[in-house]
Amino acid sequence: MCGIAGLQITNPGLRPRLGELLVPMLGLLAGRGPDSTGVAIYRDEAPPGATRTKYSLRAPRDGYDWDGLARALDEAGGTGPPEVRRRGRDAVLVTGLAPERFRDLLAGIDAQVGMFGFGAAIEVYKDTGPAPEVCARYGVDRMAGYQGIGHTRMATESAVTTEHSHPFAVAPDLALVHNGSFSNYAGIRRDLTDAGVRFDTDNDSEVAARYIARELAAGADLAEAVRRMMKAFDGFYTLLVATRDSLAVVRDSFACKPMVIARTADYVAVGSEYVALADLPGIEKAEVFEPAPEELYTWPA
Amino acid sequence: MASVTPAEMSRVELSCAELSVREINAALRQLPDGTAVRLTEARGQHNLAVGLSTRLDITISGNAGYFTGGLGDGPDITVEGFTGWSAGENLMSGTLRVRGNASESAGSSAHGGLIVIEGDASSRAGISLKGGTVAVAGDVGHMSGFMAQAGTMLIGGDAGGSLGDSLYEAVIYVAGKIRSLGSDAQVEELTDADVARVRELAAAAGFGHIRAEDVTRVGSARTLYRFDALKDQRY
């Protein structure tokens, strides 16, 4: 088992409450996966035309000197000092540095610092532990945004560590959470590795995330990228995939990993079990349904 | 009991918001036969009204979660909403009626009793049915009736793909279209006895939209299994 939940808020008035609504959803699914928890929160703050990227970084140790890292990045990168937003022991750095350059500089300054995700809108927080604990660590309940996805993990395919936690956010503003297990991922992983794709972990879900990322980079839209992934991958899955401008749900042909979708004029909410959606405002008037096997559902943000 | 009239005794209300699922089920177990109980604020909680062997008349207000009314051996349960996975799972006797839709595996492994879904049921409805009856007013999802051993399914709408895959001795009646039959499932001739049986089931389920003489009967071609259990009851 694992639990997955997502919320895309269409009513701007409700967006300040994204974290407040999403955290209890994950809390109610904590029983499906107490090993680790993670969220990807989407919020656009940059003025149109600005090219600033948010980097969700993992501290290599407690009490990490984020200001020191920001100074070093400024000296080496020359695009001005990154803004540092502390989240628990980790931090989000906001800077004009482009992702490849940022990655190179970071590796040179402190290779011990991990990266959970990056993009114009996305922020990723994840760690070992049950949902209420991990969300409190990062203050997720106070976060605003237009879209968020989360995962409560019961590990089957690989180790329980922070890095192995979902979401896997491996391309700009892309995040994937997975309930299930892929059976043929090792072969696909080898093919991707041969093609030059680098992996952070030996987790099966990361392979799906990197596969979708490669298809997106090759010009596919999210729906097409997910369709190609479905052709390539064998196994059990209910997947929730988010990009800056859309949210997608898909289940394998057996559909033995659950998912419930609720739609109102204010939001689209998805969860492994209805119980995760039962406390959302206006749920009693929502259109509630179960996604059919092998059918792709997408909603533009 | 002298101070409690039968009318008072028959009206019990339990709030799922105030009591845990264990407390709800423990309280239900204490009630005498014939009691009418309403469970309020179900809000998708799992395992409500499971494992009961008394003849209660239970109404669940709102949507219920997984295994609703599972293992029941006596009670009549109505859910005024939809249910999660495995509604009425392993039912022995009594009824479970779901006013809305049911998620996957509705009525799975039911040995007896009647499970009525007034909306649609999702994938694998009636999977591994062992003698109970599953009646769905609307459509059922793929792999419904999978490995069903004994009992009857009545589907008022359409059936998804692979209906009745690896069927044993259960019989499935479908009023609508069948997307595809599973391995070893076949369409069989509808006899007068079948028509009578469908009429009786539709009446018990309260389905007015089924024309008994127009349903399709699906049974096992019996090429996948070799038991002779039902021939002379030796197992």
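Going along each chain's sequence as written, the residues are numbered from 1 onward. Labels follow written order: the first chain is A, the first ligand is 1, and so on. Side-chain atom pairs in this predicted model are given and counted only at pLDDT of 80 or more, local residue features only at pLDDT of at least 70, and totals for whole chains, interfaces and linings cover all residues.

**As for the overall build of chain A**
A run of DSSP states H or I qualifies as a helix once it reaches four residues; a run of E qualifies as a strand once it reaches two. Both are numbered from the N-terminal end. The helix and strand tally for chain A stands at seven helices and 16 strands. We compute the radius of gyration over the C-alpha atoms and compare it with the globule rule, which gives 2.2 Å times the number of residues raised to the power 0.38. Taken over the C-alpha trace, chain A has a radius of gyration of 18 Å; the compact-globule value for 301 residues is 19 Å, and the two agree within 12%. Seen through its C-alpha atoms, chain A measures out along the principal axes to roughly 55 × 45 × 35 Å. By residue count, 47% of the 301 residues in chain A fall in the buried class. Contact criterion: two residues are in contact if their C-beta atoms, reconstructed from the backbone, are within 7 Å. The long-range share in chain A, meaning contacts at least 24 apart out of those at least 6 apart in sequence, stands at 72%. In this scheme every C-beta is placed from the backbone, and a residue whose C-beta has 20 or more other C-beta atoms within 10 Å is buried, one with 12 or fewer is exposed, and one in between is partly exposed.

**Side note on the overall build of chain B**
Scanning chain B for helices and strands turns up four helices and 11 strands. Taken against the 2.2 N^0.38 rule, which gives 18 Å for 235 residues, the C-alpha radius of gyration of chain B at 18 Å falls within 12% of a compact globule. Considering only C-alpha atoms, chain B reaches an extent of 60 × 35 × 30 Å along its principal axes. Buried residues in chain B amount to 51% of all 235 residues. Considering only residue pairs separated by 6 or more positions, chain B has 24% of its internal contacts joining residues 24 or more positions apart.

**Digging into unusual backbone geometry**
What is expected of a backbone is that most residues other than glycine have negative phi and most peptide bonds are trans. At the junction of H166(A) and P167(A), the peptide bond is cis and its omega measures out at 0° in the coordinates. Looking at where P167(A) falls in the secondary structure, it is placed in the loop between β8 (147-153) and β9 (168-171). At A49(B), a position not held by glycine, the phi torsion is positive, near 55°. By secondary structure assignment, the location of A49(B) is in the loop between β2 (36-40) and β3 (57-61).

**Regarding the environment of A136(A)**
When you line up the elements, A136(A) lands in helix α4 (residues 131-138). C-alpha of A136(A) to C-alpha of G88(A): the two residues are 48 residues apart in sequence and 8.8 Å apart in space.

**Some points on the confidence of the model for chain B**
Per-residue confidence for chain B averages 94 on the pLDDT scale, and 91% of its residues sit at or above 70. Scoring the predicted complex yields pTM 0.92 and, for the interface, ipTM 0.88. A residue's pLDDT is the confidence the predictor assigns to it, expressed on a 0 to 100 scale.

**Quick word on the packing of helix α5 (residues 185-194) of chain A against helix α6 (residues 204-217) of chain A**
Residues and elements named next belong to chain A. Axes here mean lines fitted to C-alpha atoms, for a helix over just the part in contact, with angles spanning 0 to 180 degrees between N-to-C directions. At a minimum axis distance of 10 Å, the contact between α5 and α6 shows a crossing angle of 45°. Accordingly, the angle class assigned to the pair α5 and α6 is oblique. When you trace α5 past α6, the crossing you get is left-handed. Contacts between α5 and α6 involve Y185, I188, R189 and L192 from the former and D204, V207, R210, Y211 and R214 from the latter. For this classification, under 35 degrees means roughly parallel, over 145 means roughly antiparallel, 65 to 115 means roughly perpendicular, and everything else is oblique. Whether a crossing is left-handed or right-handed is set by the direction in which the near helix is turned from the far one by less than a right angle, anticlockwise for left-handed and clockwise for right-handed.

**Digging into the packing of helix α2 (residues 66-77) of chain A against helix α3 (residues 99-109) of chain A**
Residues and elements named next belong to chain A. Taken N-terminus to C-terminus, the directions of α2 and α3 make an angle of 120°; their axes are 10 Å apart at the nearest point. The angle between α2 and α3 falls in the class oblique. Judged by the twist between their axes, the crossing of α2 over α3 is right-handed. In contact with L69, A72, L73, A76 and G77 of α2, α3 contributes R101, L105 and I109. Only Asp, Glu, Lys and Arg are considered charged, only Ala, Val, Leu, Ile, Met, Phe, Trp, Tyr, Cys and Pro nonpolar, and every remaining residue, Gly among them, polar. The class makeup of the residues in the contact of α2 with α3 is six nonpolar, one polar and one charged.

**Focus: the domain arrangement of chain A**
Residue and element names in this part refer to chain A. Domain annotation for chain A reports domain 1 (2-44 + 121-300) and domain 2 (45-120). Here domain 1 and domain 2 have C-alpha centroids that lie 24 Å from each other. Domain 1 puts 19 residues into the contact, and the matching count from domain 2 is 15 residues. Secondary-structure elements contributing two or more residues to the side of domain 1 that touches domain 2 are β7 (122-128) and α4. The dominant element in the side of domain 1 that touches domain 2, judged by the number of residues it contributes, is β7, at five residues. Within the side of domain 1 that touches domain 2, the residues separate by chemical class into nine nonpolar, two polar and eight charged. Each domain's limits were defined by an automated method or a database of domain assignments.

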